[in-house]
Amino acid sequence: MDLDLAGKIAVVTGASRGIGLATVRALRDEGAVVVAAARRPTPDLTAAATTTVATDLATADGATQLIEATRREHGHVDLLVNNVGGGARLSLAPFGELDDEDWADALATNLMSAVRVTRAALPLLGRNGGAIVNVSSIGARRPDGPPLAYNVAKAALSALTAGLAAELARLGVRVNTVSPGPTRTAMWQSEHGLGGQLAAAMNVPIDAVVAGAPAQVGMVTGRLSEPEEVASLICFLLSGRADNITGADHLVDGGAIRSL
Ligand SMILES: NC(=O)c1ccc[n+]([C@@H]2O[C@H](COP(=O)([O-])OP(=O)(O)OC[C@H]3O[C@@H](n4cnc5c(N)ncnc54)[C@H](OP(=O)(O)O)[C@@H]3O)[C@@H](O)[C@H]2O)c1
């Protein structure tokens, strides 16, 4: 299926590894011109993207820097993927142990990054229609467990999508959410991510946590998603093939969320 993305200017946040890097590569393979941002761009990212921007998107300045660099080098934006997420203080602690800094970090990384990047990009979007994908999480639909601040921030991000879809339709801009379940990235595989924290709490190796995640989360396919599978859905939603799809939340979760 030709997604007709050749020559489109695409901005991807949180792009140095995982789902972001897979999305940059998929967009590049479709012929898009990709501007990619992370705090520490990796050689893999530099090889895949047209332009890389080293910036902290948990800050207001970071969003401005990214879009200003995009405007300077490419003039406008057709496609935006607000993928950055997680957070320096991502925590499995119960509500009573989460302080203001934990909440501020979760909201800055998972919600305000998308708010600020989208707001900064707005004057550059929509000349020929445009499309935004916000990367949320199944945690937005299942906030009854840790990491609570992250799940609540993702729920707000999913709500932002629905509100923006209505408001930006007049500009010909579509906005959708992609909500992954457990996906094989550093979020599960690194000792600093969720997988590492769960492994420490359970006193088992990270590999055991990763292997047990599908059953734990109720993924009926019995396996984690791969970052490339999430990237494929993101690319489809960005393309004209999805021209009448907006304001919706799309799961890539191995069947974990089965409610209607
Ligand atoms: N993996 C999963 O199981 C899963 C499940 C549900 C939802 N998600 C969501 O999917 C998205 C991607 O997750 P992932 O698993 O691919 O994560 P990942 O492998 O941890 O990658 C996160 C990316 O974001 C960048 N980043 C983090 N904080 C940043 C900041 N403040 N400013 C700029 N860039 C920043 C990182 O690069 P630097 O460190 O260099 O900045 C990295 O490129 C996130 O929104 C996550 O919440 C993931």
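Residues numbered from 1 in each chain as written. Predicted model: local features only at pLDDT ≥ 70, side-chain atom pairs only at ≥ 80, totals over all residues. Heavy atoms only, no water.

Asks: Can you lay out the sheet that holds strand 4 (residues 79–82) for me, pointing to particular residues and giving the numbers?
Replies: Reading across from one edge, 3-2-1-4-5-6-7 is the order of the seven strands in this open sheet, with parallel pairing throughout. Every interior strand has two partners, whereas the edge strands, strand 3 (51–54) and strand 7 (249–252), have only one. On average, each strand axis in the sheet is inclined to that of its neighbour by 15°, with strand direction left out of account. Pairing geometry for strand 2 (residues 33–38) and strand 3, over four bridges, is parallel. What sits directly across from Val35, in strand 3, is Thr51. Together, strand 4, strand 5 (130–135), strand 6 (173–180) and strand 7 form the strand contacts of helix 9 (residues 227–238), whose direction differs from that of strand 6 by roughly 165°. (Pairing = 2+ DSSP bridges. Helix = DSSP H or I, 4+ residues; strand = E, 2+ residues; numbered from the N terminus. Axes fitted to C-alpha atoms, helices over the stretch in contact; angles between N-to-C directions. Contact = heavy atoms within 4.5 Å.)

Asks: Break down the side chain of Ser136 for me, with residues and values.
Replies: Within the fold, Ser136 resides in the loop between strand 5 and helix 5 (148–168). A polar atom in the side chain of Ser136 sits 2.9 Å from the side chain of Ser158. (Polar contact = N/O pair within 3.5 Å; in protein donor to acceptor, adjacent residues only side chain to side chain.)

Asks: Which residues make up helix 1 (residues 18–29), and what are the values?
Replies: The terminal C-alpha atoms of helix 1, which comprises twelve residues, lie 17 Å apart, in line with the 16 Å expected from a rise of 1.5 Å per residue. Residues of helix 1 that are buried include every one of Ile19, Gly20, Leu21, Ala22, Thr23, Val24 and Leu27, and no others. Close packing links the buried residues of helix 1 with strand 1 (9–13), strand 2, helix 2 (43–48), strand 4, strand 6 and helix 9. Just past helix 1, the residue Gly31 takes up positive phi, approximately 95°. (Expected span 1.5 Å × (residues − 1). Buried < 20%, exposed > 50% of the residue type's maximum accessible area, 1.4 Å probe, protein only.)

Asks: Describe the pattern of salt bridges, with residues and values.
Replies: The full count for this structure, using the stated rule, is ten salt bridges. Two residues, Glu226 and Arg184, come together in a salt bridge whose shortest N-O distance is 3.0 Å. Here Glu226 is found in the loop between helix 8 (206–217) and helix 9, whereas its partner Arg184 is found in the loop between strand 6 and helix 6 (186–189), with 42 residues between them in sequence. Connected through salt bridges with shared partners, the residues Arg89, Asp99, Glu101 and Asp102 form a single ionic network. (Salt bridge = Lys/Arg side-chain N within 4 Å of Asp/Glu carboxyl O.)

Asks: Explain unusual backbone geometry to me, using residue names and the numbers behind them.
Replies: The amide bond that connects Pro146 to the next residue, Pro147, takes the cis arrangement and shows omega of -5°. Its identity is not glycine, yet Asp4 carries a phi of approximately 55°, on the positive side. Within the secondary structure, Asp4 sits in the segment before strand 1. A positive phi is found at Asn203, a non-glycine position, where the angle reads about 60°.

Asks: Tell me about the domain arrangement of the protein, and name the residues and values.
Replies: The assigned domain composition of the protein is domain 1 (9–181 + 226–249) and domain 2 (182–224). Listed by partner, the interface residues are 17 residues for domain 1 and twelve residues for domain 2. Its salt-bridge partner being Glu229, residue Arg223 comes within 2.7 Å of it at the nearest N-O pair. Linking domain 1 with domain 2 are five residue pairs in polar contact (both at pLDDT 80 or more). Contributions of two or more residues to the side of domain 1 that touches domain 2 are made by helix 1 and helix 9. For the side of domain 1 that touches domain 2, the leading source of residues is helix 9, giving three residues. Residues that form the side of domain 1 that touches domain 2 fall into these classes: nine nonpolar, four polar and four charged. (Domains from an automatic or database assignment. Nonpolar A, V, L, I, M, F, W, Y, C, P; charged D, E, K, R; others polar.)

Asks: I'd like to hear about the site of the ligand, residue by residue, with values.
Replies: Close contacts around the ligand come from 30 residues, with Ser16, Arg39, Asn83, Tyr150 and Thr185 the closest. In the model, an oxygen atom of the ligand is placed 2.6 Å from a nitrogen or oxygen of the Tyr150 side chain. A distance of 2.5 Å separates an oxygen atom of the ligand from a polar atom in the side chain of Thr185. Computed on the free molecule, the ligand has an accessible area of 880 Å², of which 96% lies beneath the protein chains in the complex. Those elements that provide at least two residues to the shell around the ligand are helix 1, helix 5 and helix 6. The element contributing the most residues to the shell around the ligand is helix 6, with three residues. Looking at the shell around the ligand residue by residue, the classes come out as 13 nonpolar, twelve polar and five charged. (Near = heavy atom within 4 Å. Areas by Shrake-Rupley, 256 points an atom, 1.4 Å probe, with all protein chains shown as cover.)

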